[in-house]
Amino acid sequence: MASLSLKNICKVYPNGFEAVKDFNLEVEDKEFIIFVGPSGCGKSTTLRMIAGLEEISSGELTIDGKLVNDVEPKDRDIAMVFQNYALYPHMTVFDNMAFGLKLRNVPKDEIKQKVEEAARILDLDKLLDRKPKALSGGQRQRVAMGRAIVRNPKVFLMDEPLSNLDAKLRVQMRSEISSLHQRLGATIIYVTHDQTEAMTLGTRIVVLKDGVIMQVDSPQKLYNEPQNLFVAGFIGSPQMNFVDAQCKINGDVATLTFDGNTVELPAEKSKKLKDGGYDGKTVVLGVRPEAMSDSAEALEKFADSTVASTVTGYELLGSEVLLYFTVAGVQFTAKVESTTTARYGDDVKIAIDPSKIHVFDKETELTITN
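Residues numbered from 1 in each chain as written. Predicted model: local features only at pLDDT ≥ 70, side-chain atom pairs only at ≥ 80, totals over all residues. Heavy atoms only, no water.

Concerning the sheet that holds strand β1 (residues 4-12)
Here is step 1 of the chain: With antiparallel pairing, four strands are arranged side by side in an open sheet as β2-β1-β4-β5. The open sheet is flanked by β2 (18-27) and β5 (66-67), the only strands paired with a single partner.
Here is step 2 of the chain: In this sheet, β5 lies alongside strand β4 (residues 58-63) in antiparallel orientation, the contact comprising two bridges. Looking at β5, one finds that Thr62 is bridged to Leu67.
Here is step 3 of the chain: Helix α1 (residues 43-51) contacts β1, β2 and β4 of the sheet and is inclined by roughly 120° relative to β1. (Pairing = 2+ DSSP bridges. Helix = DSSP H or I, 4+ residues; strand = E, 2+ residues; numbered from the N terminus. Contact = heavy atoms within 4.5 Å. Axes fitted to C-alpha atoms, helices over the stretch in contact; angles between N-to-C directions.)

Below you can see the structure in the form of structure tokens.
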């Protein structure tokens, strides 16, 4: 397998549109890297530049220390799996998987051995004589992966490979791709706009917006320590709640006030706001739905940081309930225990765990404290 290095990579189209701006990333051998972001953020363009399907406008792309900017796609030793599978309808599963090896004039017995081995890994061994039209979506996706595996490439590139599958199959294929990564010890770069997919698969995630890297980190760090407002809002489902708040500092204690509600911050968070000179300024308060509760225990424990509102929506998710309500004209979501008695139209008090509050600079949108 291989390591990759992207240095100051830019993609500018002839009409002047900058799709990727100053992209810098070091991918270690055997890493599972995810590019995630909204549509049009440059993730697929970057993947296509790595594959050699898009020209790099400026910057350097190296694979295992070798500069490959001008190397043909077929000579980069990279395999790509697309979202539309790109299988040949007139060929059997075996022939689809063997096609790339035949083009390279690999001996027949070696092709047979490699295809059968990949088919065994992907549980396709009983389907080798079928045509794609006789396969389910999940099976077709596995054939597309098998075609990549048999080549034993240095790097696997996957462009939204699960987006055409239904929800149940997606979950199943996610775990298959994850175990495949473990078994093959492969270097994988994977593009998705689905942040659940990103969080469950990646060893590191690259969050992109408008062609710019917002943050590169482990799933856990992205979730707990977002570096800015965009990452905080993009990672996590349901997304983080945000509201503008007035910061007041009294001695060493910082309080945030919004819509008649006041939240007192713990010492460590207070110190960051005090040191940053935020007294009297408007900041953005962020709190995840699961850091809020309407239980009697939470209301007693966090009595100094509660909000009062009226329930505008109720969704039972089995073990949890999502409560929707409005604070300062902004819709909030709280993820509470399914034992809650709150229903649509009820007046509720919700406690916020102050240790889990995030605060962002209103102007720069950068994180002040997590």
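Continuing now.
What to know about the nonpolar core
Here is step 1 of the chain: Counting residues in hydrophobic clusters, the biggest one holds 47 residues, and the most contacted among them are Met97 and Tyr190.
Here is step 2 of the chain: Within the second largest apolar cluster, 32 residues are counted, among which are Ile249, Leu273, Leu323 and Ala342. (Core = buried A, V, L, I, M, F, W, Y, C linked by side-chain atoms within 4.5 Å. Buried < 20%, exposed > 50% of the residue type's maximum accessible area, 1.4 Å probe, protein only.)

Thoughts on unusual backbone geometry
Here is step 1 of the chain: The omega torsion across Ser237 and Pro238 is -5°, close enough to zero to call that bond cis.
Here is step 2 of the chain: One non-glycine residue, Asp259, lies in positive phi territory at about 55°.
Here is step 3 of the chain: Tracing the backbone shows Asp259 in the loop between β12 (253-258) and β13 (261-264).

Remarks on the packing of aromatic side chains
Here is step 1 of the chain: By the definition in use, this model includes six aromatic pairs.
Here is step 2 of the chain: Ring geometry for Phe325 and Phe332: centres 5.8 Å apart, planes at 40°, overall tilted.
Here is step 3 of the chain: The class for Phe332 is buried, based on a relative accessible area of 1%.
Here is step 4 of the chain: Its guanidinium or amino end placed over the ring of Tyr278, Lys281 lies 5.6 Å from that ring's centre, counting from NZ or CZ.
Here is step 5 of the chain: Looking at Arg288, its charged tip hangs above the ring of Tyr223, at a distance of 4.0 Å from the centre. (Phe/Tyr/Trp six-rings, centres within 6.5 Å; stacked < 30°, edge-to-face > 60°. Lys NZ or Arg CZ within 6 Å of the ring centre and 35° of its normal.)

Just distances and angles here, no functional claims.
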